[in-house]
Amino acid sequence: MTMTDCASCADERAAGAAFCEACGRSLAPEPACPHCGTPGGVGDDGYCGHCGMLAGRERDHLETDCDPVAAAVTDRGLRHHRNEDAMWLATRGTDVDVVISDGVSSSFDPDAASLTAVEAAGALMPGGDVAAAIRAAQAAVAALAGEGDPRRQASNPACTIVAAVVRGDAVTVGWIGDSRAYWVPGEGPAEQLTEDDSWATHVIALGADPAVAMRDPKAHAITAWLGADAGKVTPRTGEFVIGDAGHLVLCSDGLWNYLTDPAAFAAAVREGLREGGTLISAARWLTDYAITAGGADNITVALVPVAPKG
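Worth saying up front: this structure is predicted, and the values here are computed from it rather than measured.

Definitions and limits used
- Residues numbered from 1 in each chain as written.
- Predicted model: local features only at pLDDT ≥ 70, side-chain atom pairs only at ≥ 80, totals over all residues.
- Heavy atoms only, no water.
- Pairing = 2+ DSSP bridges.
- Helix = DSSP H or I, 4+ residues; strand = E, 2+ residues; numbered from the N terminus.
- Contact = heavy atoms within 4.5 Å.
- Axes fitted to C-alpha atoms, helices over the stretch in contact; angles between N-to-C directions.
- Phe/Tyr/Trp six-rings, centres within 6.5 Å; stacked < 30°, edge-to-face > 60°.
- Buried < 20%, exposed > 50% of the residue type's maximum accessible area, 1.4 Å probe, protein only.
- Lys NZ or Arg CZ within 6 Å of the ring centre and 35° of its normal.

Engineer: Can you tell me about the sheet that holds strand β3 (residues 61–66), naming the residues and giving the values?
Structural biologist: Across the sheet, 6 strands lie side by side as β3-β4-β13-β12-β9-β10; this open sheet has antiparallel pairing. Edge positions in the sheet fall to β3 and β10 (191–192), since each of these pairs with one other strand and no more. As judged from the 6 bridges shared by β3 and strand β4 (residues 70–75), these two strands associate in the antiparallel manner. Bridge pairing links His61 to Asp75 in β4. Against the sheet, helix α6 (residues 262–276) touches β9 (180–185), β12 (246–251) and β13 (299–306), its axis set at about 70° to β9.

So, in structure tokens, the structure goes:
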């Protein structure tokens, strides 16, 4: 029988075993550290046990390619030490379900919050009730405060969410927070389908000058979110049937912060589609755009082409 050594304790175990029976360490192949080159040096936490450098985590960059129906990319960006965004993308024929969540960095375990949100919402999205899916996400994220690390009770895990279902030429979107959905037509500026739950949006609605409000340090402070401390939040939703072909785009603020002008947002999406010719290449192009612009936040973007029936 072929045997293998556990990299942690050198105990011999039969090949094919998932974990070492002596120390419990995973026997799956571990990547070499990109900084010092130590084979198998990267631990489950993403750090190298030899040089101590952060080598990367699986969630640092993920892609889902359902071309030609949909595609999505999420990336850590340049300044955050982890990716606190999460995404869910599922297709069944031409039906598309997509969810994007952005962890609130000031909360504890925001990456767990966003992942929990997209998984809970995604499980219910096939039914087409976006509001119900978001309410399920809120319940799941709120429950995190009583689970796992006790520090979650002091600073509840929190996140935003935006979700959409596409059924033929009919689109339904729902959201809580400031992750956005846009409609990008073949020509002209993008149309923002969501309204941010943010301080700036609130004061602008009360009559404040938009330019002044958006320059305020509190501009992006969210006024609604998912989490145990969120209070009673109600998802907002919108439905429409498209008249001309275009693209539904969902994204976190890691992208739209660099493309706040609707015309500029639409132009970037169209350029991304032209550059690579596929949805996944366009999603990568938009992610790279945000990284080149500064990559100050995690970036997630999903694209779904929608055409009228007939």
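So, next bit.
Engineer: Mind laying out the sheet that holds strand β11 (residues 236–241), listing which residues take part and the relevant values?
Structural biologist: Ordered by their spatial adjacency, 5 strands build an open sheet running β5-β6-β7-β8-β11, and the pairing between neighbours is antiparallel. One side of each edge strand has no neighbouring strand; the edge strands of this open sheet are β5 (85–92) and β11. With direction set aside, neighbouring strand axes in the sheet form an average angle of 10°. In this sheet, strand β7 (residues 159–167) lies alongside strand β6 (residues 95–103) in antiparallel orientation, the contact comprising 8 bridges. Opposite Asp102, over in β7, you have Thr160 as the bridge partner. Against the sheet, helix α2 (residues 130–143) contacts β7, β8 (170–176) and β11, and its axis sits at roughly 25° relative to β8.

Engineer: If you had to explain the packing of aromatic side chains to someone new, which residues and values would you point to?
Structural biologist: Enumeration over the complete set of coordinates arrives at 3 aromatic pairs. Seen in terms of ring centroids, Tyr182 and Phe265 are 3.8 Å apart; in terms of plane orientation they differ by 20°. Their pairing is stacked. Note that Tyr182 is positioned in strand β9 and Phe265 in helix α6, a separation of 83 residues in sequence. Taking the relative accessible area as the measure of exposure, Tyr182 reaches 3% and is therefore buried. Sitting above the plane of the Trp256 ring, Arg180 keeps its charged end 3.4 Å from the centroid. Sitting over the ring of Trp199, Lys218 keeps its end group 4.6 Å from the ring centre.

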